[in-house]
Amino acid sequence: MEHPTRCGDGARGDVPWLIVESNVIRVPLAGVQIAYWDSGSAPTTHPLSEIPVVLVHGMGGDGHTWDRFATALIRSGRRVIIPDLRGHGHSEHTASYRFEDFGEDLLNLCDRLELTTVDLVGHSLGGYACSWVAIERPALVRRLVLEEQPLPLRSGDEQLTLTRRLPSVPELWHATTSLLRHPRAVLAFDRSMTTPALEQFRKPHPEWWERLADITAATVMLRGGPGGMVDPEKLEIFRTSVPDCRVEAFTCGHSIHRDRYREFASVVLPFLEH
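For the structure given in this document, a descriptive report is provided here. Note that this is a predicted model, so its numbers are computed, not measured.

Most often, soluble globular proteins have nonpolar side chains that are buried together. Membership of the largest hydrophobic core comes to 49 residues, with the highest contact counts inside it found for Val141, Leu144 and Phe238. It is helix H3 (residues 125–136) that contributes the most residues to this core, eight residues altogether. Those residues in contact with Phe238, other than ones at most four positions away along the chain, are Leu146, Leu151, Trp208, Trp209, Leu212, Met221 and Cys245. One finds Cys252, Ile256, Ala265 and Val268 within the second-largest nonpolar core, a separate group that totals 25 residues.

Shown next, in the form of structure tokens:
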């Protein structure tokens, strides 16, 4: 078996909740090097200290998008694990970027770390990876938070409008602001995945919809406002398809944890604490 490798040469110092490069580990998972950061188990009496929270970023980002939220979780006594999706951050670029690939990588990482129960929080594409794991391995996932996960088509009868076929203003705005705020993540991103990712969201995925009833985790979907990317009609179908699901609406756009952090934390932290 190949051994994990550590990336970077920074020092962790006296602030264990900060994600720094020296603590990023790369492991081979089904032939792909996936990078992740793990806070490790904290010496605490927190009742959920043995259940890690896995935070999964969206397309074009990396694990650093969760630095602030990870800090709050760790201070509360939770273990936090943050992977870089394939083609992002310190993880390997590959020839395949099927949505199932991202989900399989996440599930393989959980198995590698011998995790039996996790809370999953995923933004956008990361939300899809988290929902895939919750469908494939229901017993693994205790809490599921999906932030602005674009919902795929349900059948071939659905038609995309012209504005849905082209990059929307929210998509372009999010990409531009991400570049300005986190240029390193954008530069590390394998842009070859953009076209196949958009194509997958624009193709029917009836099996995913049919299997939503398999999710046993308590679930919350976070929906942005006018700048968001979640179709409201499909969202209502999603909410009623997942057995234990509620929707929380926000006034900002696609990146709620980034642009409305306090509002995001006020909803997600209590949800993860029960």
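Next comes the rest of the description.
This part is about the pattern of salt bridges. Taken as a whole, this structure holds 16 salt bridges when the rule is applied. Its salt-bridge partner being Arg98, residue Glu100 comes within 3.8 Å of it at the nearest N-O pair. The closest approach of N and O atoms between Arg211 and Glu136, which form a salt bridge, is 2.5 Å. One end of the pair, Arg211, is in the loop between helix H8 (206–210) and strand S8 (218–223); the other, Glu136, is in helix H3, with 75 residues separating them in the sequence. Here the salt bridges share partners, and the residues they tie into one network are Arg86, Arg98, Glu100, Asp101 and Asp105.

This paragraph deals with H3. For H3, which comprises 12 residues, the first-to-last C-alpha distance of 17 Å matches the rise-based estimate of 16 Å (1.5 Å per residue) to within 8%. Within H3, 11 of the 12 residues are buried, which leaves it mostly tucked inside the rest of the structure. Leu125, Gly126, Gly127, Tyr128, Ala129, Cys130, Ser131, Trp132, Val133, Ala134 and Ile135 are the residues of H3 that are buried. Each element contacted by the buried residues of H3 is listed here: strand S4 (53–56), helix H2 (99–112), strand S6 (118–123), strand S7 (141–147) and H8.

Inspection of the secondary structure assignment puts Thr117 in the loop between H2 and S6. Given the relative accessible area of 27%, Thr117 is considered partly exposed. Along the backbone, Thr117 and Val141 are 24 residues apart, and their C-alpha atoms lie at a distance of 5.8 Å. Beyond its immediate chain neighbours, meaning those up to four positions away, Thr117 contacts Ile51, Pro52, Leu140 and Arg142.

Scoring rules and cut-offs
- Residues numbered from 1 in each chain as written.
- Predicted model: local features only at pLDDT ≥ 70, side-chain atom pairs only at ≥ 80, totals over all residues.
- Heavy atoms only, no water.
- Core = buried A, V, L, I, M, F, W, Y, C linked by side-chain atoms within 4.5 Å.
- Buried < 20%, exposed > 50% of the residue type's maximum accessible area, 1.4 Å probe, protein only.
- Helix = DSSP H or I, 4+ residues; strand = E, 2+ residues; numbered from the N terminus.
- Contact = heavy atoms within 4.5 Å.
- Salt bridge = Lys/Arg side-chain N within 4 Å of Asp/Glu carboxyl O.
- Expected span 1.5 Å × (residues − 1).

In short, geometric facts, not functional conclusions.
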